[in-house]
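Examining the three-dimensional arrangement
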Amino acid sequence: AQSVTQLDSQVPVFEEAPVELRCNYSSSVSVYLFWYVQYPNQGLQLLLKYLSGSTLVKGINGFEAEFNKSQTSFHLRKPSVHISDTAEYFCAVSEAGGFKTIFGAGTRLFVKA
Amino acid sequence: DTGVSQDPRHKITKRGQNVTFRCDPISEHNRLYWYRQTLGQGPEFLTYFQNEAQLEKSRLLSDRFSAERPKGSFSTLEIQRTEQGDSAMYLCASTHRDETEAFFGQGTRLTVV
């Protein structure tokens, strides 16, 4: 079975500062990894995903993430955040070729002016 | 196609009443998922359909919960004899057989009073 741990429940950051949201996973098999964003009272939107290949994955809205197999991590980064990036971010994992996605508890990113 | 559609967006019900939610997935997406999200948590997997077949149910899905996808298109999730602990956001997602990205609806927020 897979599991996901998001190490920070809340991350406050000033506008235009860099940010890193941390995610660790556990699995005994090969996995796919995802980051989703959720705005208030909305569904989830995919930011980026890692399936295979290059460990540095670029997504929408200037976000990127790096897959580190030895550390079982998939941290999300953005070099300069905007007020509009304020939202809940979820890291997720699924078994490669599987159908069920397991989500972390989420990290609330709060961007301050 | 405008994406995954869920109805209603909000539902307030008295404890003990039955409620039914509907999900219309993206056309031609043969996989459909239901998730439950409580405040401050990530989505938790409830059940999964491939076409009209319900292939997996979480142990979270008690016998008061039932989901159907009779023609392999839209799906319904019914909760009988609602309890206050059922208050949550119920999210539906769909994927195409050959894809890894799950597309989420905006969810149905259930409040049991």
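Provided above is the structure to which this section pertains.
As a starting point, this report considers the structure included with it. Nothing here was measured: the structure is a model prediction, and the numbers come from that model. (Residues numbered from 1 in each chain as written. Chains lettered and ligands numbered in written order. Predicted model: local features only at pLDDT ≥ 70, side-chain atom pairs only at ≥ 80, totals over all residues. Heavy atoms only, no water.)

1. Comments concerning the overall build of chain B
Cut-off, in case you're wondering: The helix count covers DSSP runs of H or I at least four residues long, the strand count covers runs of E at least two residues long, and both are numbered beginning at the N terminus. Here the term buried applies to any residue with accessible area under 20% of the maximum for its type, exposed to any over 50%, and partly exposed to those in between, with areas from a 1.4 Å probe on protein chains only.
Of regular secondary structure, chain B possesses zero helices and eleven strands. Reading chain B from its N terminus to its C terminus gives the helix and strand order β-β-β-β-β-β-β-β-β-β-β. Referenced to the eigenvectors of the C-alpha coordinate spread, the extents of chain B come out at roughly 40 × 25 × 25 Å. The buried share of chain B, taken over its 113 residues, is 46%.

2. Some thoughts on the side chain of Ser75 of chain B
Residue and element names in this part refer to chain B. Put simply, the test is: Under this definition, polar contacts are N or O atom pairs within 3.5 Å; protein pairs additionally need one hydrogen-donor-capable and one acceptor-capable atom, and for neighbouring residues in sequence, both atoms have to be side-chain atoms. When checking whether two residues touch, look at their non-hydrogen atoms; a contact exists if any pair is within 4.5 Å.
In this fold, Ser75 is placed in strand S8 (residues 75-79). A polar side-chain atom of Ser75 sits 2.8 Å from the main-chain carbonyl oxygen of Glu68. When neighbours within four sequence positions are excluded, Ser75 is seen to be in contact with Phe21, Arg22, Cys23, Leu32, Trp34, Phe49, Glu68 and Arg69.

3. Re the interface of chain B and chain A
Test applied: As a working definition, buried area equals the accessible area (1.4 Å probe) given up by two parts on being put together, with both sides summed. Between Lys or Arg on one side and Asp or Glu on the other, a salt bridge is scored when a side-chain nitrogen of the former is within 4 Å of a carboxyl oxygen of the latter. Residues are grouped as follows: Ala, Val, Leu, Ile, Met, Phe, Trp, Tyr, Cys and Pro are nonpolar; Asp, Glu, Lys and Arg are charged; all remaining types, including Gly, are polar.
Each partner contributes to the interface: chain B provides 21 residues, whereas chain A provides 19 residues. Here chain B packs against chain A, burying approximately 1,600 Å² in sum over the two surfaces, 53% of which is carbon and sulfur. Summed over the shared surface of chain B and chain A, the number is one salt bridge. Where Lys100 of chain A meets Glu56 of chain B, a salt bridge forms, and the shortest distance between an N and an O atom there is 2.8 Å. There are five residue pairs in polar contact (both at pLDDT 80 or more) connecting chain B and chain A. Taken together, the elements giving at least two residues each to the side of chain B that touches chain A come down to strand S4 (31-37), strand S5 (44-50) and strand S9 (88-95) of chain B. At four residues, S4 of chain B tops the list of elements feeding residues into the side of chain B that touches chain A. For the side of chain B that touches chain A, a count of residues per class yields nine nonpolar, seven polar and five charged.

4. Quick look at the layout of surface pockets
Using the following cut-off: Here a cavity denotes a set of grid points, spaced 1 Å apart and computed over the protein atoms alone, in which a 1.4 Å probe fits but from which it cannot get out, and a pocket denotes an open set meeting protein on both sides within 12 Å along at least five of seven lines; residues with an atom within 4 Å of a point are reported as lining. Grid points are joined across faces, edges and corners, and a volume is the space filled by probe spheres set on the points.
One number sums up the size of the largest pocket: a volume of about 420 Å³. If you trace the largest pocket, you find 23 residues lining it, with Gln38 and Glu88 of chain A together with Gln37, Leu39 and Gly40 of chain B closest to the centre. Breaking the lining of the largest pocket down by element, the ones donating at least two residues are strand S10 (87-95) of chain A together with S9 of chain B. The leading source of residues in the lining of the largest pocket is S10 of chain A, at three residues. Broken down by class, the residue content of the lining of the largest pocket amounts to eight nonpolar, eleven polar and four charged.

5. Thoughts on the state of the cysteines
Formally, a disulfide is one covalent bond, and it connects the sulfur atom of one cysteine to the sulfur atom of another. All names here are of chain A. Under the convention used in this document: In this description, a disulfide is simply a cysteine sulfur pair whose atoms lie within 2.5 Å.
Using the criterion set out here, one finds two disulfides over all chains in the structure. The disulfide that involves Cys23 links it to Cys91, with 2.0 Å between the sulfurs. On the S-S bond that ties Cys23 to Cys91, the torsion sits near -65 degrees, and the link is left-handed. Note that Cys23 is positioned in strand S4 (residues 23-26) and Cys91 in strand S10, a separation of 68 residues in sequence. The exposure class of Cys23 is buried, given its relative accessible area of 0%.

6. Some points on the packing of aromatic side chains
What counts is decided by this rule: For Phe, Tyr and Trp, rings pair up if their centres lie within 6.5 Å, where Trp contributes its six-membered ring, and each pair is then called stacked (planes under 30 degrees apart), edge-to-face (over 60) or tilted (otherwise). Whether a charge sits over a ring comes down to the Lys NZ or Arg CZ being within 6 Å of the ring centre and within 35 degrees of the ring normal.
Considering all chains together, one arrives at 13 aromatic pairs over all chains under this definition. Taken together, a centroid distance of 6.0 Å and an interplanar angle of 75 degrees make the contact between Phe103 of chain A and Phe104 of chain B edge-to-face. You can see Phe103 of chain A sitting in strand S11 (residues 101-103) and its partner Phe104 of chain B sitting in strand S10 (residues 103-104), one on each of two chains. For the residue pair Phe103 of chain A and Phe104 of chain B, the accessibility class agrees, reading buried in each case. Ring geometry for Phe21 of chain B versus Tyr90 of chain B: centroids 5.5 Å apart, planes at 40 degrees, classification tilted. With a gap of 69 residues between them, Phe21 of chain B in strand S3 (residues 19-24) and Tyr90 of chain B in strand S9 connect regions that are remote in the sequence. In textbook terms, an aromatic cluster arises when at least three aromatic residues are bridged by ring pairs, as seen for Phe34, Tyr36 and Phe103 of chain A together with Tyr33, Tyr35, Phe45, Tyr48 and Phe104 of chain B. Here Arg22 of chain B stacks its cationic end above the ring of Phe74 of chain B, 3.9 Å away from the centre of that ring.

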